[in-house]
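# Architecture and fold: a report
Chain by chain, the residues:
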Amino acid sequence: MSATGSDVILQRMMALHPKIIDLTLDRVWRLLEALGNPQEALPPVIHIAGTNGKGSTQAMLCAGLEGADKSVHAYTSPHLARFHERIRIAGHLITEDALTDVLDECYRANGPDSITYFEITTCAALLAMSRTPADYTLLEVGLGGRLDATNVIAQPALTIITPVSIDHEQYLGNTLAAIAGEKAGIIKRDVPCIVGPQPDEAMEVIEAAAARLRAPLIAHGQHWHAYAENGRLVYHDETGLLDLPLPNLPGAHQIENAGAALAALRYLDMGDAAHIASVTQAYWPARMQHLRHGRLAEAAPKAELWLDGGHNAAAGVALGRHLASLPKRPTHLICGMLNTKDIGGYLRPLAAQAASLTAVTIPGEANTLPAEATAEAARQAGLATSTAPSVKAALAAIISAEPHARVLICGSLYLAGHVLRENG
């Protein structure tokens, strides 16, 4: 990427607001108005919120829509290796020239006024997507929902709320009810909302919000069901049963994410080609991604190398269950986390599945937990631990002792992005 292109403008944008996260929609509305309200010119929007699974659900929904020959815009965050990953225009990553132009346009329209990095880049994404025809727009919430910068669509075609759990308590509240209330902020009057599996406390809040807004719910366990049976995914709702391949995204939790995507596709009346594509063609990096190629993979040719960016307690539970389902093999973790996360809650479900954990500091990340602190938390969770100066060094130490080991690099999407860049 050109040093005088989008990366330079993105760096300038970091200085427009002193706080990284400051939840309000006032600045977003101001800039969108200056840009001519591009959010009103988007193709039909499907808005997705949730604590876990919203990215995977979006990926499967996108694959399904494209399997039905629909063109799809998609917006997600954060990116892993390059900012361009956040914005897909009619099925393709935004080009460097287009990104540079739209960022520069938003920067000039905003002027010296305060706005966060996420807010102004979300406005840029909406502007870019408004200028290219497509059949659907998929918007993934960045944080929460009610005050997230994506929550500017007056009448989406559909909303989706994936499983809600405790995360980002400093911004969303420290109870499931409070967090669910923020997620339910994307529900719009009379717009159907598909709801993934939820704890009772969260579901009560979502149901109350939907009732106030007369928004029909299409809820897991009530209106649709998805489960694995005899090596297949079985989905059924009031219109009938689907017998499909298991999702190509690994992990038992992807069954539920696939169910939410299928519920959306059924509501949109997309047909069998869409159903099959949603579970066979989805691509979502750093979600139990098997690294088979690249520099790190080549450095450990006999090992089984995996990468996962899950980072909260619910993600730890899902990851632990998936590791338990794999064929027996010595398993070692390389872990780096942010200091804003419940590291103990994340690591405890993994302790029974791993022989060791090597802690690393996430390179270039201001909020990284130091490797020594991650190692101490891992010891308290019952793991044998050590530290390493880098992922590469940690991997070398593991495979020198056990060349055929299973190695999972985990703990943060920021670490995952670093690994994907390093792997090449």
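The preceding data block contains the structure.
So, a few notes on the structure that sits alongside this text. What you see is a predicted model, and the numbers here were worked out from it, not measured in a lab.

### Concerning helix α14 (residues 371-380)
Those residues of α14 that sit buried are Ala371, Thr374, Ala375, Ala377 and Ala378. Around the axis of α14, the buried residues are gathered within 165° of arc, so they sit on the same side. Among the exposed residues of α14, those pointing more than 90 degrees away from its buried face are Glu372 and Gln380. Of the surrounding secondary structure, the elements contacted by the buried residues of α14 are β14 (331-335), α13 (343-351), β15 (356-359) and β16 (385-387).

### What to know about the pattern of salt bridges
Under the counting rule described, the total for this entry stands at eleven salt bridges. In this structure, the salt-bridge partner of glutamate 105 is arginine 131, at a minimum N-O distance of 2.8 Å. With glutamate 105 in helix α4 (residues 96-110) and arginine 131 in the loop between α5 (117-130) and β5 (136-140), this pair connects stretches of sequence that are 26 residues apart. Classification of arginine 131 by relative accessible area gives exposed; the value is 51%. Arginine 406 serves as the salt-bridge partner of glutamate 304, at 2.6 Å between the closest nitrogen and oxygen.

### Re the packing of aromatic side chains
Overall, the coordinates contain three aromatic pairs when judged by the stated rule. Taking 6.3 Å as the distance between ring centres and 85° as the angle between the ring planes, the aromatic pair formed by phenylalanine 83 and tyrosine 117 counts as edge-to-face. Of this pair, phenylalanine 83 sits in the loop between β2 (72-75) and β3 (87-89) while tyrosine 117 sits in helix α5, and the two are 34 residues apart along the sequence. A cation sits over an aromatic face here: arginine 12 above tyrosine 107, 5.8 Å from the ring centre.

### Brief notes about the sheet that holds β3
Spatially, the eight strands line up as an open sheet ordered β4-β3-β2-β5-β1-β6-β7-β8, and their pairing is mixed. Here the strands that pair on one side only, and so sit at the sheet edges, are β4 (92-93) and β8 (217-219). Here four bridges tie strand β1 (residues 45-49) to strand β6 (residues 158-161), and the two strands are oriented parallel to one another. Residue isoleucine 46 lies in a different strand from β6, and its bridge partner there is leucine 158. Taken strand by strand, helix α8 (residues 200-212) contacts β6, β7 (193-195) and β8, and its axis lies near 155° from that of β8.

Parameters at a glance
- Residues numbered from 1 in each chain as written.
- Predicted model: local features only at pLDDT ≥ 70, side-chain atom pairs only at ≥ 80, totals over all residues.
- Heavy atoms only, no water.
- Buried < 20%, exposed > 50% of the residue type's maximum accessible area, 1.4 Å probe, protein only.
- Helix = DSSP H or I, 4+ residues; strand = E, 2+ residues; numbered from the N terminus.
- Arc of directions from axis to C-beta.
- Contact = heavy atoms within 4.5 Å.
- Salt bridge = Lys/Arg side-chain N within 4 Å of Asp/Glu carboxyl O.
- Phe/Tyr/Trp six-rings, centres within 6.5 Å; stacked < 30°, edge-to-face > 60°.
- Lys NZ or Arg CZ within 6 Å of the ring centre and 35° of its normal.
- Pairing = 2+ DSSP bridges.
- Axes fitted to C-alpha atoms, helices over the stretch in contact; angles between N-to-C directions.

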